[in-house]
Amino acid sequence: MPDIKANLEAIRQRISIAAQKSGRNPEEIKLIAVTKTVPVELIEQAIQAGIVDIGENRVQEAKPKIEALKQKYPNVTWHMLGHLQRNKVRQALDLFAIIQSVDSERLAKEIEHRLRPEGTQILVEVNTSKEATKYGLPPDSVVDFLKKISNFGNINVRGLMTIGPLADDPEAARPSFIRLRKLSEEIRKLDLPNVSIAYLSMGMTDDFEIAISEGSNMVRIGRAIFGERR
Ligand SMILES: *Cc1c(COP(=O)(O)O)cnc(C)c1O
């Protein structure tokens, strides 16, 4: 069994050090615990150790877990991180407060049509590593995409999300993270309605310190908290 409390303490320490190294305030960096494949009992341990943001990848897997926990822990924010099919949008919006994986106009339209009184918070997923197997919009098309989405009254774009390239050397992810940061700076200047880039969601177990040094303020961490996935 992983010692979740100790793992979280170690990660928070590493986040602090990485933030301080680049002259940033560690408190501005949100830690998302990624719980795909992790059973409810271990997720509960993470919540009891102070986790308030949790990410899942698949609606089907997440549904029973969220339903088991949300009443007891109403202050937890649930993030959808995985690829979302349009026919799962209704369910996803019932479960998640924020969808981090919006990567097409068709998906955005589907979300737009599922009215929620407070609007739906999304991040735009960007394929910064240009790996064919990855989801996400090509970086060059993000500005045009946002110009269209900014007319959607029910969607609030809160930031950008990317997944670094699969590589042994975490430094290999740096160019991807730089690309996302530059893109976010470009978008802020446009001052589009319904678009406020509060979050740069980048960095996972193997590369979160590099992501922080490039401006990440939302790291998504699974294995370093819960151990290797089987
Ligand atoms: C699995 C996953 C993570 C967490 O990855 P770890 O390597 O376990 O930290 C983060 N983001 C997304 C989108 C994921 O699918």
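A few points on the structure. (Residues numbered from 1 in each chain as written. Predicted model: local features only at pLDDT ≥ 70, side-chain atom pairs only at ≥ 80, totals over all residues. Heavy atoms only, no water.)

## Some details on unusual backbone geometry
Here Thr-37, not a glycine, exhibits a phi torsion of approximately 70 degrees, which is positive. Relative to the helices and strands, Thr-37 resides in the loop between β1 (30–34) and α2 (40–48). Look at Asn-194: it is not a glycine, yet its phi comes out positive at around 65 degrees. Assignment of secondary structure puts Asn-194 in the loop between α7 (174–190) and β7 (195–201). (Helix = DSSP H or I, 4+ residues; strand = E, 2+ residues; numbered from the N terminus.)

## A closer look at the pattern of salt bridges
Under the defined criterion, the tally for this structure stands at 20 salt bridges. Between Glu-61 and Arg-58 there is a salt bridge, with its nearest N and O atoms 3.9 Å apart. In this structure, Lys-63 and Glu-67 form a salt bridge, with 3.0 Å as the shortest nitrogen-oxygen distance. Highlighted residues: Lys-63 and Glu-67, both in helix α3 (residues 59–69), separated by four residues, approximately one helical turn. Relative accessible area serves as the criterion here: at 30%, Lys-63 is assigned to the partly exposed category. Taken together, the shared-partner salt bridges connect Glu-171, Arg-174, Arg-181, Glu-185 and Glu-214 into one network. (Salt bridge = Lys/Arg side-chain N within 4 Å of Asp/Glu carboxyl O. Buried < 20%, exposed > 50% of the residue type's maximum accessible area, 1.4 Å probe, protein only.)

## With respect to the site of the ligand
Lining the immediate environment of the ligand, one finds Val-34, Lys-36, Asn-57, Leu-81, Ile-163, Met-204, Thr-205, Arg-220, Ile-221, Gly-222, Arg-223 and Arg-229. Within the backbone of Gly-222, an N or O atom sits 2.9 Å from an oxygen atom of the ligand. Arg-223 places a polar side-chain atom, nitrogen or oxygen, 2.8 Å from an oxygen atom of the ligand. Within the complex, 94% of the 380 Å² of free accessible area of the ligand lies under protein. Looking at side-chain class alone, the shell around the ligand contains five nonpolar, three polar and four charged residues. (Near = heavy atom within 4 Å. Polar contact = N/O pair within 3.5 Å; in protein donor to acceptor, adjacent residues only side chain to side chain. Areas by Shrake-Rupley, 256 points an atom, 1.4 Å probe, with all protein chains shown as cover. Nonpolar A, V, L, I, M, F, W, Y, C, P; charged D, E, K, R; others polar.)

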